[in-house]
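Summary of structural features
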Amino acid sequence: MPHPLIPDLERLASQVAADAGFQMCSVQLLTHRIPMTLQVHLRLADGGDVSLDHCASFSHLLDDALEAASLIEEAYVLEISSPGIPETLIEDRDFRSFRGFPVCVRHRDAKTGAEAEREGLLLERTDDSVLINVRGRSVRLPRADVITVRLTTPTEG
């Protein structure tokens, strides 16, 4: 069960992020730590990478907003960071960023209807398909049949 402050913290962090040119990705309140820790993951609104300077400037803005809102009454640590590299590619940005990287595409086989996996290098994702390079051959999988696309470790062979 999530902490009851999470919805209010998400609203506040989202507003501060939007005003400062960021997109808030997630908020976690780790109450098992002493002092508790508020973790906020953010991206630049334009899709660019978040730097340490961005995190520091956002930290000051959010800290001021938290103090003004008096949402957290006990001691806490505020941690600001980017969400990092996703294992599963979901957004268009992920597919652009990881072109050429090894992926495993879980999909529904058009002939049998069973789930299958294909590994290869990610070439692109379009409105209709996911294109991967499998041993030098382009393989186009219908996007409607794709279940997940996740980054993998390159294999030898």
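Owing to the predicted nature of the structure, the values given are computational and were not obtained by experimental measurement.

1. Topic: unusual backbone geometry
Here Ile34 and Pro35 are connected by a cis peptide whose omega angle stands at -10°. Tracing the backbone through its elements, the reader meets Pro35 in the loop between strand S1 (22-30) and strand S2 (36-44). If you check the backbone angles, Ser70 has positive phi at about 50° while not being a glycine. Within the secondary structure, Ser70 sits in the loop between helix H2 (52-69) and strand S3 (76-81). For Arg135, which is not a glycine, the phi torsion comes out positive at approximately 50°. Assignment of secondary structure puts Arg135 in the loop between strand S6 (129-134) and strand S7 (137-142). Given a relative accessible area of 81%, Arg135 falls into the exposed group.

2. Examining the environment of Glu67
Residue position: Glu67 is located in helix H2. The sequence separation of Glu67 and Asp127 amounts to 60 residues, and the corresponding C-alpha distance is 45 Å.

3. Some words on the nonpolar core
Ranked by size, the top nonpolar core spans 26 residues in total, and within it Leu38, Val40, Phe58 and Leu62 carry the most contacts. Considering every element that reaches this core, the biggest residue donor is helix H1 (residues 6-19), with six residues. Not counting the four nearest positions on each side in its chain, Leu62 is found in contact with Leu12, Ala13, Val16, Val40, Leu78 and Ile80. Core analysis: the next-biggest nonpolar cluster, separate from the first, contains 14 residues, Leu122, Val134, Leu141 and Leu151 among them.

4. A short note on the sheet that holds S1
One open sheet holds the three strands; their spatial order is S1-S2-S3, and the pairing between them is mixed. Whereas interior strands pair on both sides, the edge strands pair on one side only; in this sheet they are S1 and S3. For this sheet the average axis-to-axis angle between neighbouring strands, irrespective of direction, equals 20°. Judged from the six bridges that link them, S2 and S3 form a sheet pairing that is parallel. When the sheet's bridge partners are listed, Val40 is paired in S3 with Ile80. The strands that H2 touches are S1, S2 and S3; relative to S3, the one it contacts most, it runs at about 140°.

5. Let's talk about the pattern of salt bridges
In the structure shown here, the tally under the stated rule is six salt bridges. Here Arg33 and Glu79 are joined by a salt bridge, their closest N and O atoms 3.7 Å apart. Pair noted here: Arg33 is in the loop between S1 and S2 and Glu79 is in strand S3, with a separation of 46 residues, a long-range link. Judged by its relative accessible area of 34%, Arg33 is partly exposed. The salt bridge involving Arg108 is made with Glu115; its shortest N-O contact spans 3.8 Å. Arg108 sits in the partly exposed class, given a relative accessible area of 38%. Overlapping salt bridges bring together Arg106, Arg108 and Glu115 as one network.

Criteria and cut-off values
- One numbering rule holds for all chains: residues counted from 1, following each sequence as written.
- The predicted nature of this model means local features are confined to residues of pLDDT at least 70 and side-chain atom pairs, given and counted, to a pLDDT of 80 or more, with totals for whole chains, interfaces and linings taken over all residues.
- Each side-chain value is worked out from all heavy atoms of the structure, with water and hydrogens disregarded.
- Helix numbering and strand numbering both begin at the N terminus, where a helix is a DSSP run of H or I of at least 4 residues and a strand a DSSP run of E of at least 2.
- In this scheme, a residue with accessible area under 20% of its type's maximum is buried, one over 50% is exposed, and one in between is partly exposed, where area comes from a 1.4 Å probe on protein chains only.
- Residues belong to one nonpolar core when they are buried, are Ala, Val, Leu, Ile, Met, Phe, Trp, Tyr or Cys, and are joined through side-chain atoms within 4.5 Å.
- Contacts between residues were defined by any pair of non-hydrogen atoms, one from each residue, lying within 4.5 Å.
- By this definition, two strands are paired if DSSP reports at least two bridges between them.
- Only C-alpha atoms enter the line fits that serve as axes; for helices the fit covers just the stretch in contact. Angles between N-to-C directions range over 0 to 180 degrees.
- Should a side-chain nitrogen of Lys or Arg be within 4 Å of a carboxyl oxygen of Asp or Glu, the pair is scored as a salt bridge.

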